[in-house]
Amino acid sequence: MAASRREQQEVVHESAQTTKTLNKAGQYVTVETNEGTLRGVATTTVNGTAYYRFSGVPFAAPPLGELRFKPPQPHPGWEGVRDALEEGSDCLQVMPGGASGAEDCLYLNVYTTSVRQ
């Protein structure tokens, strides 16, 4: 059974280790996960609380081809550093007037106030 989004976020948070600590808003931070290295950004809320943002993190293999309409499968990972700076695709939606989004839409946005040192 596939893990919930909350469980996936915890896995990313728990398995992350910083390779570089950057605490100023707008600067990049790099973490190591089980799937590979992610580049996110240090930022702040409107109230000034510092946090790290990792956007568009794949939590499962894209559901294309043989995986279409099947339970999510583990993501194979990636080589090098993957930018996690922009949200992933919206899931495909068909509405009056057309369709938008993509089938490759299994991404998480992870927000945390700390990463392991």
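Here the structure is a predicted model, which means the values were calculated and not measured.

(A) The arrangement of the pairing of strand β2 (residues 28-32) in detail. Here β2 runs beside strand β3 (residues 37-44); their pairing, made up of five bridges, is antiparallel. Its bridge partner being in β3, Y28 is matched across the sheet by V41.

(B) Examining the confidence of the model for the protein more closely. Per-residue confidence for the protein gives a mean pLDDT of 83, with 78% of residues at or over 70. Predicted confidence in the protein is weakest over strand β1 (residues 17-20), with a mean pLDDT of 41, and strongest over strand β5 (residues 81-83), with 97. For residues 1-23, every residue scores under 50 in pLDDT, and the model assigns this stretch 43 contacts once sequence neighbours within four places are set aside.

(C) Local environment of the side chain of T112. The topology assignment puts T112 in strand β8 (residues 107-112). Using a relative accessible area of 12% as the deciding quantity, one classes T112 as buried. A distance of 2.9 Å separates a polar side-chain atom of T112 from the backbone oxygen of S114.

(D) Local environment of the nonpolar core. Residues L38, Y52 and F54 are the most contacted members of the largest nonpolar core, which totals 15 residues. Sorting elements by how many residues they give to this core places strand β4 (residues 50-58) first, with three residues. Once residues lying within four places of it in the same chain are set aside, the contact partners of F54 are V29, V31, L38, R39, G40, A84, L108, N109, V110 and V115.

About the thresholds
- The residue numbers shown here count from 1 along each chain, following its written sequence.
- Where local features are concerned, this predicted model is filtered to residues with pLDDT of at least 70; where side-chain atom pairs are given and counted, the filter is 80 or more; whole-chain, interface and lining totals use all residues.
- No hydrogens and no water enter the side-chain calculation; it runs on all heavy atoms of the structure.
- Being paired, for any two strands, means DSSP has found at least two bridges between them.
- Each helix is a run of H or I in the DSSP string that is no shorter than four residues. Each strand is a run of E no shorter than two, and both are numbered from the N terminus.
- The pLDDT score gives, residue by residue, the confidence of the prediction method on a 0 to 100 scale.
- By the convention used here, residues are in contact when the closest approach between their heavy atoms is within 4.5 Å.
- Note on exposure labels: buried denotes an accessible area under 20% of the residue type's maximum, exposed denotes more than 50%, and partly exposed covers the range between, all computed with a 1.4 Å probe on protein chains only.
- Between N or O atoms, a polar contact is any pair within 3.5 Å; within protein, one atom must be a potential hydrogen donor and the other a potential acceptor, and residues adjacent in sequence are included only when both atoms are from side chains.
- In this description, a nonpolar core means a group of buried Ala, Val, Leu, Ile, Met, Phe, Trp, Tyr and Cys residues linked to one another through side-chain atoms lying within 4.5 Å.

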